[in-house]
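# Topology and contacts: notes
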2 protein chains.
Amino acid sequence: MQKLEHIGIAVKSLEVSIPIFENLLNALCYKTEIVETEKVNTAFLRQGDTKIELLESMDEDGVIAKFIASRGEGIHHIAFEVDNIEEEMKRLSEAGFKLLSTSPKEGADNKLICFLHPKTNNGVLIELCQEKR
Amino acid sequence: MQKLEHIGIAVKSLEVSIPIFENLLNALCYKTEIVETEKVNTAFLRQGDTKIELLESMDEDGVIAKFIASRGEGIHHIAFEVDNIEEEMKRLSEAGFKLLSTSPKEGADNKLICFLHPKTNNGVLIELCQEKR
């Protein structure tokens, strides 16, 4: 683990939420990006060294739509940057953490990603992310 | 707003959760601290420039106990560091964000703090914090 890379926040509508977070953070959204594999539309803001990633579902059966249906809008996950995602997945799996995929997947923002199941981290959905080289 | 200062995670038991997060983050808990005003016992770990604050209720009627009873363990709030908390409270209040106190309160880790109501930030409980001078 290197550092907290971003916080993912589930929102119903980027159009509504981007101005709210721009206002809150006093910072402009600098990028939007569709992540086809996760069926989400994302928007990024920066605060110091950390990114805030707003997540809007592109599909009513998508993970973000389901999250909002059951828990409402709010923090969906936190993501930590790692140097070598496969090594970190191996370390965490051996330490008893449950991984949600057996190999890294394509994420937003030029990253390889893997999620850890919340049940082995006190209810917190954790993403590991590694910049693609 | 300066940067993300910490992420607060509601846990049932620090004794159980400190080793989980030490293992997850590959980092040692460097401090525990009781915050009497909030009736919580806190534990801190660091990851890069960001702190992870584990929050255990000292009181079954406390805010953390109530949060866990209704939503389970998980991310409770995110905290942003500000230079001047009173100026930032004024700016955000004027921008339509609902503050949970009219003046800064004593927080953990030598901070003055103020929370923003989740209803004006897409369900995210936000803490402003300023190092006490």
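A brief report on the enclosed structure follows. (Residues numbered from 1 in each chain as written. Chains lettered and ligands numbered in written order. Predicted model: local features only at pLDDT ≥ 70, side-chain atom pairs only at ≥ 80, totals over all residues. Heavy atoms only, no water.)

Okay, the nonpolar core next. In summary, soluble globular proteins display a tendency toward joint burial of nonpolar side chains. By size, the foremost hydrophobic cluster in this structure holds 58 residues, and its most contacted members are I7(A), L54(A), I7(B) and L54(B). Look past the residues within four positions of I7(B) in its chain and what remains in contact with it is L4(A), I7(A), I78(A), K51(B), I52(B), E53(B), I75(B), H77(B) and I78(B). (Core = buried A, V, L, I, M, F, W, Y, C linked by side-chain atoms within 4.5 Å. Buried < 20%, exposed > 50% of the residue type's maximum accessible area, 1.4 Å probe, protein only. Contact = heavy atoms within 4.5 Å.)

Residue and element names in this part refer to chain B. Pairing is mixed in the open sheet, where eight strands are placed in the order β2-β3-β4-β1-β5-β8-β7-β6. Pairing within the sheet leaves two strands with one partner each, and these edge strands are β2 (31-35) and β6 (105-106). Here strand β7 (residues 111-116) pairs with strand β8 (residues 126-131) via six bridges, running antiparallel. In the sheet register, C114 faces β8, and the bridge partner there is L128. Across the face of the sheet, helix α2 (residues 63-71) comes into contact with β1 (3-11), β3 (40-47), β4 (50-57) and β5 (74-81) while running at roughly 70° to β1. (Pairing = 2+ DSSP bridges. Helix = DSSP H or I, 4+ residues; strand = E, 2+ residues; numbered from the N terminus. Axes fitted to C-alpha atoms, helices over the stretch in contact; angles between N-to-C directions.)

Applying the stated criterion across every chain, the model contains 26 salt bridges over all chains. Across the pair D109(A) and K51(A) runs a salt bridge, and its minimum N-O distance is 2.8 Å. Taken together, the residues span a long stretch of sequence, with D109(A) in the loop between β6 (105-106) and β7 (111-116) and K51(A) in strand β4 (residues 50-57) at a distance of 58 residues. Judged by relative accessible area, K51(A) falls into the buried class, the value being 10%. Across the salt bridge formed by E106(B) and K132(B), the nearest N and O atoms sit 2.4 Å from each other. One end of the pair, E106(B), is in strand β6; the other, K132(B), is in the segment after β8, with 26 residues separating them in the sequence. Through salt bridges with shared partners, one network takes in E5(A), K31(A), E33(A), K51(A), D109(A), K111(A) and E131(A). (Salt bridge = Lys/Arg side-chain N within 4 Å of Asp/Glu carboxyl O.)

A few words on the sheet that holds β4(A). Across the sheet, which stays open at both edges, the eight strands sit in the order β2-β3-β4-β1-β5-β8-β7-β6 (chain A) with mixed pairing between neighbours. Strand pairing shows two members of the sheet lacking a second neighbour, β2 (31-35) and β6 of chain A, which therefore form its edges.

Attention now moves to helix α3 (residues 85-94) of chain B. Within α3(B), burial applies to I85(B), E88(B), M89(B) and L92(B). The buried residues of α3(B) occupy one face: seen down the axis, they fall within an arc of 105°. Those residues of α3(B) that are exposed and aimed more than 90 degrees away from the buried face are E86(B), E87(B), K90(B) and E94(B). Of the surrounding secondary structure, the elements contacted by the buried residues of α3(B) are α1 (14-25) of chain A together with β7 and β8 of chain B. Its side-chain oxygen at 3.1 Å from the backbone nitrogen of E86(B), N84(B) defines the N-terminal cap of α3(B). Downstream of α3(B) by a residue or two, G96(B) has a phi angle that is positive, lying close to 100°. (Arc of directions from axis to C-beta. Polar contact = N/O pair within 3.5 Å; in protein donor to acceptor, adjacent residues only side chain to side chain.)

The analysis is restricted to geometry; functional conclusions fall outside its scope.
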